[in-house]
2 protein chains.
Amino acid sequence: MIETAALKMFAALSQETRLRIVRYLVECGTEGASAGDIGKTVGAISSRASFHLAALEQAGIVTSERQSRKIVYRANYEALGALVSFLLTDCCGRHPLVVACCDLGECC
Amino acid sequence: MIETAALKMFAALSQETRLRIVRYLVECGTEGASAGDIGKTVGAISSRASFHLAALEQAGIVTSERQSRKIVYRANYEALGALVSFLLTDCCGRHPLVVACCDLGECC
DNA sequence: TCAACAATTCAAGAGATATTGAAATATGAT
DNA sequence: ATCATATTTCAATATCTCTTGAATTGTTGA
């Protein structure tokens, strides 16, 4: 993962509404959820939900697909995994204290 | 880790200069580095380095300690570990795809 | 076609963030 | 005391981000 991509992802996750969206979509799994559904869940009017969903998609954290009238959003697990990897490896050099603190066991 | 703390840390890491500072300080280990040293390393004039170091300290990502004339900054490995944990567990629910993508082996 | 539903786009305003250079503070050496 | 070093603080400016409500686009069903 390139630094600029990580910066965009961190920026995307640094906003309350967007972080809630991500957590909700991770729960939703491969089914995903529609923009309207997401907006209701996180308490955002349509334009606001749309704004933040666009930001998340721009950052590569979610994907979107039109399904008839609705647009279904899904978490991009690969991207999230890459970000965890970036943070753990590229930023923290898999430092023992970091590994210990995040309960990763002995394998890391 | 509480959500607001994670939001602050993500915001702190979403800025190029600050991300560079963090990566440098992680390399420096327990010795840490002075503000001037950090500024030169990441290419920032003193006031800018100071501004970003304050932001990182505010977010809990680094600590500071005066040593005679210099102020030594150090990476807060516990906080970074907690953030990795938050991202992996609270945000991604340790989803198999995420775990796989970030090369965490079988233990997670 | 027309009405409804779902979502995005747009414009405007408020607020936050980043950069710079100058001034201020703190420490140590002569 | 005075000076040099190290860092922070401040003011001004520019830019980016977020929110809202209204207008627009796209899709489906009567």
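See the structure printed just above.
My aim in this report is to walk through the structure given alongside it, one point at a time. Everything numeric here is computed off the predicted structure, so don't read it as measured data.

**Let's talk about the relation of the copies chain B and chain A**
For these two chains of identical sequence, chain B goes onto chain A by a turn of 180° and a shift of 0.0 Å along the axis, with RMSD 0.0 Å. With respect to symmetry, the two chain copies, as superposed, fit the operation of a two-fold axis. Among all residues of chain B, the one whose C-alpha sits closest to the rotation axis is phenylalanine 10 of chain B, at a distance of 2.6 Å. Interface residue correspondence from chain B to chain A reaches 100%, placing this contact among same-surface, isologous pairings.

**Structural notes on the interface of chain B and chain A**
Taken together, the contacts link 37 residues of chain B with 37 residues of chain A. Between chain B and chain A the total buried area reaches about 3,400 Å² when both faces are included, carbon and sulfur atoms providing 73% of it. The largest per-residue losses of area from chain B upon contact with chain A belong to Arg23, Tyr77 and Val84 of chain B, which jointly make up 17% of the total buried on that side. Notably, a salt bridge pairs arginine 23 of chain A with aspartate 90 of chain B, separated by 4.0 Å at the nearest N-O pair.

**Regarding the protein's contact with DNA strand C**
Around DNA strand C there are 19 residues in total, and Gly36, Ser50 and Tyr73 of chain A together with His52 and Ser68 of chain B lie nearest to it. The sugar-phosphate portion of DNA strand C accounts for 69% of its atoms within 4 Å of the protein, the bases making up the rest. A distance of 2.3 Å is found between a phosphate oxygen of DNA strand C and a side-chain nitrogen or oxygen belonging to tyrosine 73 of chain A. Interatomic distance of 2.5 Å between a side-chain N/O atom of histidine 52 of chain B and a phosphate oxygen of DNA strand C. Only helix H3 (35-42), helix H4 (46-58) and strand S3 (70-75) of chain A together with helix H4 (46-58) of chain B provide two or more residues apiece to the surface near DNA strand C. Here the surface near DNA strand C takes 4 residues from H4 of chain B, the largest share from any one element. Its residues assigned to classes, the surface near DNA strand C comprises 4 nonpolar, 9 polar and 6 charged.

Parameters at a glance
- Residues numbered from 1 in each chain as written.
- Chains lettered and ligands numbered in written order.
- Predicted model: local features only at pLDDT ≥ 70, side-chain atom pairs only at ≥ 80, totals over all residues.
- Heavy atoms only, no water.
- Least-squares fit on C-alpha atoms with pLDDT ≥ 70 in both.
- Contact = heavy atoms within 4.5 Å.
- Buried area = accessible area lost by both parts, 1.4 Å probe.
- Salt bridge = Lys/Arg side-chain N within 4 Å of Asp/Glu carboxyl O.
- Near = heavy atom within 4 Å.
- Polar contact = N/O pair within 3.5 Å; in protein donor to acceptor, adjacent residues only side chain to side chain.
- Helix = DSSP H or I, 4+ residues; strand = E, 2+ residues; numbered from the N terminus.
- Nonpolar A, V, L, I, M, F, W, Y, C, P; charged D, E, K, R; others polar.

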